[in-house]
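Chain by chain, the residues run as shown.
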Amino acid sequence: MIHHANWIGVVGGAVVVAAGLICLGVEDAKPAKKRILFYSESEDYRHSVVARPLTGELAFAEKELKEMATKAGYDVEFSQSYHDLADSKQFARYDAIVMYTSGNPKFNKQALFEFIRSGKALVGIHAATDTWRGEGEEFPKVIGAAFTTHGLTNAEKVTIKVEDRNHPATKMLGAEWVIADEIYQHNRFSRDRMHVLMSIDTAKTNLKPQKMEAGGDYPMAWTRQEGKGRVFYTALGHREDVWTNPTFREHLLGGLAWAMGLTDEK
Ligand SMILES: [Zn+2]
């Protein structure tokens, strides 16, 4: 009862005390805030949205994520330094790692795999699939695919077909989503190992500037289960105006909530 006395001291009130004695599970009603790390070590191409100004302020996408995640009730931290993810103890601080990395980042890849497989969340945005592409098959398998190329323009709208309209990351989109961004293409993926949420509608997209073929399979967001953990990836997020787009923000927050197990959908 000492443990409960502490708890009663926090919330106070005789009625709550009585409820607490009857239903011991009541403490679970107020879970701790989820803590997210937005990690954007760029060892190859550094996207403008994750380039921090010399003044040391957060980068554009970091500021946007801070605003939306804070509003959603999460604690969010930021790093671009592999010293912050050098061992599993440092990972243990977080419920989700949001990756916007490129090239061969130096943070602890094995600790990341253990983190996810233990039941935590990985959210990959845009260049996350342009990461560790030449470092074996494990990372492409975990995140779901590897980047191959992108279109010649990032200013032309494409039509994205929403394949799963009930998922927390896509239920705000309707049947299709028309948006301009740098559109990634991937290989080393299999629809057997991922749940594709949305993909390019090649019948409704101007394919030439996207370097795409009619009937090609171009997934744009997907989910996976990895061990006990969840992976959500969205290929969007190159352009600044995508980050301020309310639909993209809902899409990203929905995927993040799902990956952390905060939604009913499996
Ligand atoms: Zn890009």
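Look above for the structure.
Residues numbered from 1 in each chain as written. Predicted model: local features only at pLDDT ≥ 70, side-chain atom pairs only at ≥ 80, totals over all residues.

## With respect to the overall build of the protein chain
Phase 1 of the analysis: Tallying secondary structure elements over the protein chain gives nine helices and eleven strands in all.
Phase 2 of the analysis: Residues counted as buried form 41% of the 266 residues belonging to the protein chain.
Phase 3 of the analysis: Taking all contacts inside the protein chain whose residues are at least 6 apart in sequence as the whole, residues at least 24 apart take part in 71%. (Helix = DSSP H or I, 4+ residues; strand = E, 2+ residues; numbered from the N terminus. Buried ≥ 20, exposed ≤ 12 C-beta atoms within 10 Å, placed from the backbone. Contact = placed C-beta atoms within 7 Å.)

## Describing the pairing of strand β10 (residues 219-226)
Phase 1 of the analysis: The buried fraction of β10 is high, at six of eight residues.
Phase 2 of the analysis: Pairing geometry for strand β9 (residues 195-200) and β10, over four bridges, is antiparallel. Counted as the bridge partner of Ser199 is Pro219 from β10.
Phase 3 of the analysis: As paired elements, β10 and strand β11 (residues 229-234) share six bridges and run antiparallel to each other. (Pairing = 2+ DSSP bridges.)

## Details of helix α9 (residues 246-259)
Phase 1 of the analysis: If you check α9, its first and last C-alpha atoms are 20 Å apart, about what 14 residues at 1.5 Å a residue would give, namely 20 Å.
Phase 2 of the analysis: α9 sits mainly inside the fold: ten of its 14 residues count as buried.
Phase 3 of the analysis: Buried within α9 are the following residues: Phe248, Arg249, His251, Leu252, Gly254, Gly255, Leu256, Ala257, Trp258 and Ala259.
Phase 4 of the analysis: Lining the buried residues of α9 we find α3 (60-71), β3 (96-99), β4 (121-125), β10, β11 and α8 (240-243).
Phase 5 of the analysis: Backbone geometry just downstream of α9 places Gly261 in the positive-phi region, at approximately 75°. (Expected span 1.5 Å × (residues − 1).)

## What about unusual backbone geometry?
Phase 1 of the analysis: For His126, which is not a glycine, the phi torsion comes out positive at approximately 45°.
Phase 2 of the analysis: Within the secondary structure, His126 is located in the loop between β4 and α6 (138-143).
Phase 3 of the analysis: One non-glycine residue, Lys211, adopts positive backbone phi at about 55°.
Phase 4 of the analysis: Mapped onto the fold, Lys211 is located in the loop between α7 (207-210) and β10.

## What about the nonpolar core?
Phase 1 of the analysis: Ile36, Ala96, Ile97, Val98, Val123 and Ala259 are the most contacted members of the largest nonpolar core, which has 67 residues in total.
Phase 2 of the analysis: Top contributing element to this core by residue count: α9, with six residues.
Phase 3 of the analysis: Apart from residues no more than four positions distant in its own chain, Ala259 is found in contact with Ala96, Ala121, Leu122, Val123, Arg230, Val231 and Phe232. (Core = buried A, V, L, I, M, F, W, Y, C linked by C-beta atoms within 7 Å.)

## Considerations on the sheet that holds β3
Phase 1 of the analysis: Spatially, the nine strands line up as an open sheet ordered β2-β1-β3-β4-β11-β10-β9-β6-β7, and their pairing is mixed. On the outer flanks of this sheet lie β2 (75-79) and β7 (176-180), each paired with one strand and no other. Averaged over all neighbouring strand pairs, the angle between strand axes comes to 20°, with direction disregarded.
Phase 2 of the analysis: Sheet analysis places strand β1 (residues 35-39) next to β3, joined by four bridges and oriented parallel. Pairing of Phe38 across the sheet is with Val98, part of β3.
Phase 3 of the analysis: Contacting β1, β2 and β3, α3 runs over the sheet at an angle of about 165° to β2.
Phase 4 of the analysis: Its contacts with the sheet place helix α5 (residues 109-117) against β3, β4, β10 and β11, and it is angled at close to 110° to β11. (Axes fitted to C-alpha atoms, helices over the stretch in contact; angles between N-to-C directions.)

Interpretation note: all reported values are geometric properties and have no functional meaning in isolation.
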